[in-house]
Amino acid sequence: MSEKTMIFGTHAVLETLKEGKPIDQILIKKQSDNEIIREIIFHARKAGVTVKSVPVEKLQRITQKNHQGVIAFTSPIEFDNIEILLPTIYERGETPFIVLLDEVSDVRNFGAIVRSCECMGVHAVVVPHVGSAQISADALKTSAGALAKVPVCKVKSLAATCKYLQESGLQLLCASEKFAEPCYEVDMTMPTALVMGNEEQGISQPIIDLADRRICIPMTGEINSLNVSVATGICLYEVARQRMCQ
């Protein structure tokens, strides 16, 4: 991890938060509890920054410098607010297309997905605060610069955001090899929110329960599963294909 992407020390991290600079996540030594730590946590939560409690050994592996039990990772991008962004999409007369990633944690998968999103006209990518890939220099590189073009929104609850999108007129599609409805049989020319899950557990059940449609990519091979970035690209192309052909 490059020290150019890190801020360490209680006062440095707190001042960075107060200045409103983009921070992806903060690691705090387990059982740390004093006034400045509580202030860091307060400002981080207010700014929607992920805070994780970790063993001191993890902090020591990241840097041997005097971190005082606190390390923050800066973000190369500014995060957007989906509740502010969505109305502007409608106001421009465009049909919303939002991608939600349910704890996709691999940095390269995340970057590749955002690259495909930019190519296929996705308006925004939504990720939860907890469990998602860190938006690092590696993610930026893998995205081929797309992270600088596609809005990324971090939310506390992905399920709550799914409900908000449905209430705003979007159909909620959950994609998995476990489902039966072919993606090409769904009308994707209407406002659409597509949910993709992580490779280990897929989409969480509460979000599946909310889905308007549960779609799959028909396959003929024996392996019958795809890397999440590849699967996302195929689903994105189907949306783009339908919209270009309408």
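Residues numbered from 1 in each chain as written. Predicted model: local features only at pLDDT ≥ 70, side-chain atom pairs only at ≥ 80, totals over all residues. Heavy atoms only, no water.

Enquirer: Quick rundown of the state of the cysteines? Include the residues and the values.
Expert: Applying the stated criterion across every chain yields a total of zero disulfides. With no disulfide of its own, Cys216 lies closest to Cys183 among cysteine sulfurs, the gap being 7.0 Å. Residue classification places Cys216 among the buried positions, given a relative accessible area of 9%. Cys245 carries a free sulfur, and the closest cysteine sulfur to it, the one in Cys183, is 14 Å from it. Under the relative-accessibility criterion, Cys245 is labelled exposed at 58%. (Disulfide = S-S within 2.5 Å. Buried < 20%, exposed > 50% of the residue type's maximum accessible area, 1.4 Å probe, protein only.)

Enquirer: How would you sum up the sheet that holds strand S10 (residues 192-197)? Please name residues and give values.
Expert: Across the sheet, which stays open at both edges, the seven strands sit in the order S7-S6-S5-S10-S8-S11-S9 with parallel pairing between neighbours. Across the chains shown, the open sheet's two edge strands, defined by having one partner strand only, are strand S7 (152-155) and strand S9 (181-182). In this structure, strand S5 (residues 97-102) lies alongside strand S6 (residues 124-128), joined through three bridges in parallel fashion. Opposite Ile98, over in S6, you have Ala124 as the bridge partner. The sheet strands contacting helix H5 (residues 107-119) are S5 and S6, and the helix crosses S6 at an angle near 155°. Contacts from helix H9 (residues 228-245) reach S5, strand S8 (171-175) and S10, with the element oriented near 165° to S10. (Pairing = 2+ DSSP bridges. Helix = DSSP H or I, 4+ residues; strand = E, 2+ residues; numbered from the N terminus. Contact = heavy atoms within 4.5 Å. Axes fitted to C-alpha atoms, helices over the stretch in contact; angles between N-to-C directions.)

Enquirer: Residues and numbers for the side chain of Thr50, please.
Expert: With respect to the helices and strands, Thr50 occurs in strand S3 (residues 50-54). A relative accessible area of 5% means that Thr50 is categorised as buried. Among the polar contacts listed, one links the side chain of Thr50 to the backbone oxygen of His129, at a separation of 2.6 Å. If sequence neighbours within four positions are ignored, Thr50 has contacts with Asp24, Gln25, Ile26, His129, Val130 and Lys154. (Polar contact = N/O pair within 3.5 Å; in protein donor to acceptor, adjacent residues only side chain to side chain.)

Enquirer: Would you mind going over the pattern of salt bridges in detail, with residue names and values included?
Expert: One pass over the structure, following the stated rule, counts seven salt bridges. As a salt-bridge pair, Arg38 and Asp33 come within 2.7 Å of each other at their nearest N and O atoms. For Asp33, a relative accessible area of 57% translates into the label exposed. (Salt bridge = Lys/Arg side-chain N within 4 Å of Asp/Glu carboxyl O.)

Enquirer: Which residues make up the pairing of strand S4 (residues 70-74), and what values go with them?
Expert: Extensive coverage of S4 is indicated by the burial of four of its five residues. Direction of pairing for strand S1 (residues 6-8) relative to S4: antiparallel, over a ladder of three bridges. Opposite Phe8, over in S4, you have Ile71 as the bridge partner. In the sheet, strand S2 (residues 23-29) pairs with S4 via five bridges, with the strands oriented antiparallel. Among the inter-strand pairings, Gln25 is bridged to a residue of S4, identified as Phe73.

Enquirer: So what's going on with the sheet that holds S3? Which residues, and what values?
Expert: Taken in spatial order, the four strands make up an open sheet running S1-S4-S2-S3, and their pairing is mixed. The sheet terminates laterally at S1 and S3, the two strands that pair on one side only. Between one strand axis and the next, the sheet turns by 20° as a mean value, whatever way the strands run. Of the strand pairs in this sheet, S2 and S3 are connected by five bridges, and their pairing is parallel. Note that in S3 the partner of Ile28 across the bridge is Ser53.

Enquirer: Go over the environment of Ser143, please, and point to the residues and values.
Expert: Relative to the helices and strands, Ser143 resides in the loop between helix H6 (137-142) and S7. Note: C-alpha distance between Ser143 and Phe110 (33 residues apart in sequence) is 7.9 Å. Here the side chain of Ser143 touches Leu147 through a polar contact of 3.2 Å, landing on its backbone nitrogen.

Enquirer: Explain the packing of helix H1 (residues 10-18) against helix H2 (residues 35-47) residue by residue, including any values.
Expert: The interhelical angle for the contact between H1 and H2, taken along N-to-C directions, is 30°, at an axis separation of 10 Å. Between H1 and H2, the angle falls in the class roughly parallel. Handedness of the crossing formed by H1 with H2: left-handed. Two secondary-structure elements touch here, H1 through Thr10, His11, Val13, Leu14, Leu17 and Lys18 and H2 through Ile36, Ile37, Glu39, Ile40, His43 and Ala44. (Parallel < 35°, antiparallel > 145°, perpendicular 65-115°, else oblique. Left-handed = near helix turned anticlockwise from the far one by under 90°.)

Enquirer: Let's hear about a nonpolar patch on the surface: which residues, and what values?
Expert: A cluster of nonpolar side chains, namely Leu226, Val230 and Ile234, defines an oily patch on the protein surface of about 210 Å² accessible area. Locating Ile234 in the fold gives a position in helix H9. Ile234 sits in the partly exposed class, given a relative accessible area of 35%. (Patch = residues over 30% accessible without salt bridge, like charges linked within 9 Å, V, L, I, M, F, W, Y side chains within 5 Å. Areas by Shrake-Rupley, 256 points an atom, 1.4 Å probe, with all protein chains shown as cover.)

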